[in-house]
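Each chain, written out:
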Amino acid sequence: MLNVLLVDDDNEFTDVAANIIEFLGHHVSVAANLKEAYEWLDSQPFEHILLDFMLPDGSGLHLVDHLKKIQSKAQVTFITGHPSVKGILAEISGPQMDYLVKPLQREDIEGVLSKQPKIKPQAKTSSIKRHFGCLIGESAPMQELYLMIERVAKTSANVMLMGSSGVGKEVVATAIHKASQVKGQLVTTNCGALSKELIGSELFGHEKGAFTGAVAKKEGVFERAEDGTLFLDEVTEMPIDMQPNLLRVLESKKVIKVGGTKEIPVNCRVVSASNRTMESIATDKVLREDIYFRLAVFPIHIPSLRERKEDIPLLAKAFLEELNTENGCEYVWTDAQLERLSNFDWPGNVRELRHSVHRAFIMSDPKGKEIQLPHTFESPFSLTKKQNNNVTAGQTIENVEKELIRITLEKVEGNKTAAAEMLGISTKTLYNRLHAYGDFAE
Amino acid sequence: MSSDEDQSVNQLVHDARSPLNRISMNAELIKLILENDMPKEKGIQAIDKIINACQECSDTLQVLSAQHGNQ
């Protein structure tokens, strides 16, 4: 018996479909829109989701994003009545995703539900512990982080997450939300992605007709996160003249919709995040002091991957395990590969590591079991950083070349064949240069 | 046919698929009721829903026909 969530705004269809699904021996819950679906997903796990593509409050794809965020392993079947959507769905569907076109028959539903589930092998093989259901790492800095999450989860204090880009601030926000065991949902918004004109409506909602284009009343994120957690990502990128409005909500715990007059009480923990340093927040005047003290009642610094190198093999194994499960593969790491991953600096942190693992996965021989790591993990960002540090006007070409050879050799741990390949010259030329510079003579 | 007209036809076809979907699913339910000797009231309710959906589907087709001058 499967636990099935049916999401469709056609009530008559959901009534009859629910009857048929129950007849087939499954347990079914029904949601008429995304909001109701999120509530169901917060309250219980589902093995299969039958999902309409177009819903009154958004697209079915929003729900797929949400499932990824909460790391749900549910199988998803899109149901659409729009023939033009069929092509898009065919492209995105994979082992975890399927699609059906209306009108449906019993066999269609029976067929997709009987494909269940590809999840079990992972549950059996996964030996990697996910703290709070989402955080991976057993290093001392992570243990300290877990302790902080555990402690703050018992309170209702607002939390500010700090750490460089890619450390996993949203995952930590999810962990705090899960550990808090609150009734409401986790609502995420990126303050840096919203224009000055839209941010008020996004945070506080708006009344119908409040401005051109406000065709209907809208709930803001504070209201949507009622009794739950509101995650304000990139909070330091919020326009400074909007910050007094946010401060008023944080102090009074009441919102007034744009174009409205009524005060609406709100109750949620605010977790905010910034990739700026404490110094930058203070000196660049990106956040008002009063707002900072309201948001950062409990500041948490998330360690960079450089500070917890011992977690790299664990993370690499977990990412590969996820990709193996999604694609039905059985790739494994060798010890040497894990060591190479551990020796790299990962300036883009966990995000960059995940990206590199994914790239290696795609590049690997489909017939083999061994994953194929690239010669270099450099991303455009890490290269730019290095170049900026080392090349300045006025340097001689000889000096720059010498420095380039030095850092390349450092990167490949002195392996001259790999260094020559990376530099695009023959090994003989590399030896000649090294001989000429003298400094690198063995 | 202009792209606006194209879009309008697509929308109407989509609107016609919803009642067709209900017809199909209610027919499946009736089959299950008959196969499992379930109370006939439930079957009658499903038949009523099919009749209503047929009417809805016919209305949508009428709009489609009117919009393209083939009445």
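Below or above, wherever it landed, is the structure these notes cover. In this text, all values refer to a predicted model and were calculated from it rather than measured experimentally.

Our next topic: the overall build of chain B. On a plain count of helices and strands, chain B comes out with two helices and zero strands. Taken across its 71 residues, chain B has 25% of its residues classed as buried. The long-range share in chain B, meaning contacts at least 24 apart out of those at least 6 apart in sequence, stands at 63%.

One key point about sheets: their strands pair by backbone hydrogen bonds, in either a parallel or an antiparallel sense. Residues and elements named next belong to chain A. With respect to topology, five strands assemble into an open sheet ordered S2-S1-S3-S6-S7, the strand pairing being parallel. One side of each edge strand has no neighbouring strand; the edge strands of this open sheet are strand S2 (27-31) and strand S7 (97-101). Neighbour to neighbour, the strand axes of the sheet diverge by 20° on average, direction disregarded. The sheet contacts of helix H2 (residues 34-43) involve strand S1 (3-7) and S2, and relative to S2 the element is tilted by about 140°. Lying on the sheet, helix H5 (residues 106-114) is in contact with S1, strand S3 (48-52), strand S6 (75-80) and S7; it crosses S7 at an angle near 180°.

Let us now look at the sheet that holds strand S15 (residues 269-274) of chain A. All names here are of chain A. Strand order in the open sheet formed by five strands is S9-S12-S15-S8-S16, with parallel pairing between adjacent strands. Across the chains shown, the open sheet's two edge strands, defined by having one partner strand only, are strand S9 (186-190) and strand S16 (298-301). Here the strands of the sheet are splayed against their neighbours by 20° on average, with no regard to which way each runs. Across the sheet, helix H8 (residues 169-180) lies against strand S8 (159-162), S9, strand S12 (229-233), S15 and S16, angled at about 170° from S12, the strand it touches most.

Residues and elements named next belong to chain A. Summarising burial for S9: four of the five residues are buried, a large majority. Bridge count between S9 and S12: five bridges; the pairing is parallel. Pairing of Thr 189 across the sheet is with Leu 232, part of S12.

On to the packing of helix H14 (residues 312-327) of chain A against helix H15 (residues 335-343) of chain A, then. Residue and element names in this part refer to chain A. At a closest axis distance of 9 Å, the pairing of H14 and H15 adopts a crossing angle of 120°. Along this stretch, H14 crosses H15, giving a crossing that reads as right-handed. On H15, the residues that touch Ile 312, Pro 313 and Ala 316 of H14 are Leu 338, Leu 341 and Ser 342.

So, on to the nonpolar core. Leu 161, Ile 176, Phe 222, Leu 230, Ala 316 and Leu 353 of chain A are the most contacted members of the largest nonpolar core, which has 57 residues in total. Of all the elements, H14 of chain A adds the most residues to this core, at six residues. Phe 46, Leu 50 and Leu 51 of chain A together with Ile 50 of chain B belong to the second-largest nonpolar core, a separate cluster that totals 37 residues.

Turning next to unusual backbone geometry. Residue and element names in this part refer to chain A. Pro 103 follows Lys 102 through a cis peptide bond whose omega is 0°. Residue position: Pro 103 is located in the loop between S7 and H5. Positive phi is not limited to glycine here, since Lys 285 has a value of about 50°. When you line up the elements, Lys 285 lands in the loop between helix H12 (278-283) and helix H13 (289-295).

What follows is about the interface of chain A and chain B. Interfaces are often sized by the amount of accessible area the parts lose when they come together. Taken together, the 16 residues of chain A in the interface contact 16 residues of chain B. Ranked by the residues each element gives to the side of chain A that touches chain B, the list is headed by helix H1 (residues 11-23) of chain A, at seven residues. Broken down by class, the residue content of the side of chain A that touches chain B amounts to seven nonpolar, five polar and four charged.

Quick look at H14 of chain A now. One turn of the α-helix equals 3.6 residues, which is why residues spaced by three or four share an orientation. Here H14 of chain A is 16 residues long and its end C-alpha atoms lie 22 Å apart, about the 22 Å a rise of 1.5 Å per residue gives. After H14 of chain A finishes, the residue Gly 328 of chain A shows a positive phi value of roughly 65°.

Residues and elements named next belong to chain A. For S12, the tally of buried residues reaches five of five residues, placing the bulk of the element in the interior. Of the two faces of S12, the one holding Thr 229, Phe 231 and Asp 233 and the one holding Leu 230 and Leu 232 are both buried throughout. Summarising the sheet, S12 and S15 pair through four bridges and their orientation is parallel. Note on S15: the bridge partner recorded for Thr 229 is Arg 269.

What counts and how
Residues numbered from 1 in each chain as written. Chains lettered and ligands numbered in written order. Predicted model: local features only at pLDDT ≥ 70, side-chain atom pairs only at ≥ 80, totals over all residues. Helix = DSSP H or I, 4+ residues; strand = E, 2+ residues; numbered from the N terminus. Buried ≥ 20, exposed ≤ 12 C-beta atoms within 10 Å, placed from the backbone. Contact = placed C-beta atoms within 7 Å. Pairing = 2+ DSSP bridges. Axes fitted to C-alpha atoms, helices over the stretch in contact; angles between N-to-C directions. Left-handed = near helix turned anticlockwise from the far one by under 90°. Core = buried A, V, L, I, M, F, W, Y, C linked by C-beta atoms within 7 Å. Nonpolar A, V, L, I, M, F, W, Y, C, P; charged D, E, K, R; others polar. Expected span 1.5 Å × (residues − 1).

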